Amino acid sequence: MSHSNRERGILRYDWWSRVNHWLIAFSFVMLVLSGLAIFHPYFWSFTGLFGGPIPTRIIHPFIGVFMAFFFLIMAVRFFKVSLIKRYDIQWVKQIGDVLSNRDERLPPVGKNNAGQKMVYWLMVTSVPLLLISGIVIWQPYFAPAMPRLWLRVAAVVHAYAAFAAIITLIIHIYSAIWVKGSIRAMVQGRVSKAWAKHHHNLWYEEEMEKQRRVEDAAKREETAGQQRQQTP
Ligand code: HEM
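Everything in this summary refers to the structure shown in the same document. Quick caveat: nothing in here was measured; it's all calculated off a predicted structure.

Concerning the packing of helix H2 (residues 15-39) against helix H7 (residues 148-178)
The description of two packed helices rests on the angle between their axes and on the distance between the axes. Between H2 and H7, the shortest axis-to-axis distance is 11 Å and the interhelical angle comes to 130 degrees. Classified by the interaxial angle, the pair formed by H2 and H7 is oblique. Where H2 crosses over H7, the two elements pack in a sense that is left-handed. The residues of H7 that touch H2, namely those facing His21, Phe28, Val32 and Phe39, are Ala159, Ala165, Ile166, Leu169 and His172.

Structure below.
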């Protein structure tokens, strides 16, 4: 690890994670807007964003497949850091401390805290439900071939899963704004050491350990090189 890297803080999201995440975020918002527009007349005006009611209805499922595809990639890549650990349960028990900013009382956590892991698992549940139910009710491609009961069940599942995903997204965006430095992490990729230490102490320790190992290896390499030069 070079000096400049250390000064720039710790890498939290590489460029592909960031691009992947923002592709999902953008298409997800488009899905919410086009979905609400065709769900209830209250949101009818949103159809203007997509060139009218018919284009809105046509484009919505295609955006859905696009989003689900990129979501699958992100879900696989973020799987390991989203596994629930013992300290996550303690974190949830202290949700009162989380919400009232008494961070110093919280147990140290890894790369993601329990709240972030819940967002992950809620999305991992709702996105496949949305995709499958969406395909069942997709006119004119799949719906005509589906049994009537399937169509009814899928329409209900689609609406409830969308509701769950939208609430999750609102909480996700709220937390991202609330924990200062998070948006920067997902835009620029790096966080300061102080941020990492404060919010994700175990992850910070792991990263420092990695950095130490890299530096030790570099030092060993350097002394070995010097010794080679010195021997005639
Ligand atoms: C539309 C606006 C969105 C904003 C402003 C936003 C913001 C962010 C930010 C700032 C982070 C980094 C948090 C950190 O490093 O501590 C993050 C992470 C993440 N985002 Fe988003 N996001 C959005 C949409 C979405 C959507 C639609 C999904 C999934 C369907 C999603 C899934 C995730 C996941 C799984 C993570 C990693 C775990 C976590 O930090 O929660 N995001 N997001």
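Some thoughts on a nonpolar patch on the surface
On the surface, Trp22, Ile173, Ile177, Ile183 and Val187 cluster together into a nonpolar patch covering about 460 Å² of accessible area. For the nonpolar patch, the secondary structure elements donating two or more residues are H7 and helix H8 (182-188). As for its position among the elements, valine 187 is in helix H8.

A word on the packing of aromatic side chains
Applying the stated criterion across every chain, the model contains 14 aromatic pairs. Measuring from centroid to centroid gives 5.6 Å for tryptophan 138 and tyrosine 141, while their planes differ by 85 degrees, and the two rings are edge-to-face. The ring of tryptophan 203 has arginine 12 lying over it, and the distance from NZ or CZ to the ring centre is 4.9 Å.

Some points on the site of the ligand
Neighbouring residues of the ligand: 22 residues in total, closest Arg12, Tyr13, His21, Gln116 and His172. Contacts to the ligand include arginine 12, whose side-chain N or O atom sits 2.7 Å from an oxygen atom. Between histidine 21 and the ligand, the recorded distance is 2.8 Å, taken from a side-chain N or O atom to a nitrogen atom. Broken down by secondary-structure element, the contributors of at least two residues to the shell around the ligand are H2, helix H3 (53-77), helix H6 (114-136), H7 and H8. For the shell around the ligand, the element with the most residues is H2, which contributes six residues. Here the shell around the ligand is composed, by residue class, of 16 nonpolar, five polar and one charged.

The rules behind these values
- Residues numbered from 1 in each chain as written.
- Predicted model: local features only at pLDDT ≥ 70, side-chain atom pairs only at ≥ 80, totals over all residues.
- Heavy atoms only, no water.
- Axes fitted to C-alpha atoms, helices over the stretch in contact; angles between N-to-C directions.
- Helix = DSSP H or I, 4+ residues; strand = E, 2+ residues; numbered from the N terminus.
- Parallel < 35°, antiparallel > 145°, perpendicular 65-115°, else oblique.
- Left-handed = near helix turned anticlockwise from the far one by under 90°.
- Contact = heavy atoms within 4.5 Å.
- Patch = residues over 30% accessible without salt bridge, like charges linked within 9 Å, V, L, I, M, F, W, Y side chains within 5 Å.
- Areas by Shrake-Rupley, 256 points an atom, 1.4 Å probe, with all protein chains shown as cover.
- Salt bridge = Lys/Arg side-chain N within 4 Å of Asp/Glu carboxyl O.
- Phe/Tyr/Trp six-rings, centres within 6.5 Å; stacked < 30°, edge-to-face > 60°.
- Lys NZ or Arg CZ within 6 Å of the ring centre and 35° of its normal.
- Near = heavy atom within 4 Å.
- Polar contact = N/O pair within 3.5 Å; in protein donor to acceptor, adjacent residues only side chain to side chain.
- Nonpolar A, V, L, I, M, F, W, Y, C, P; charged D, E, K, R; others polar.

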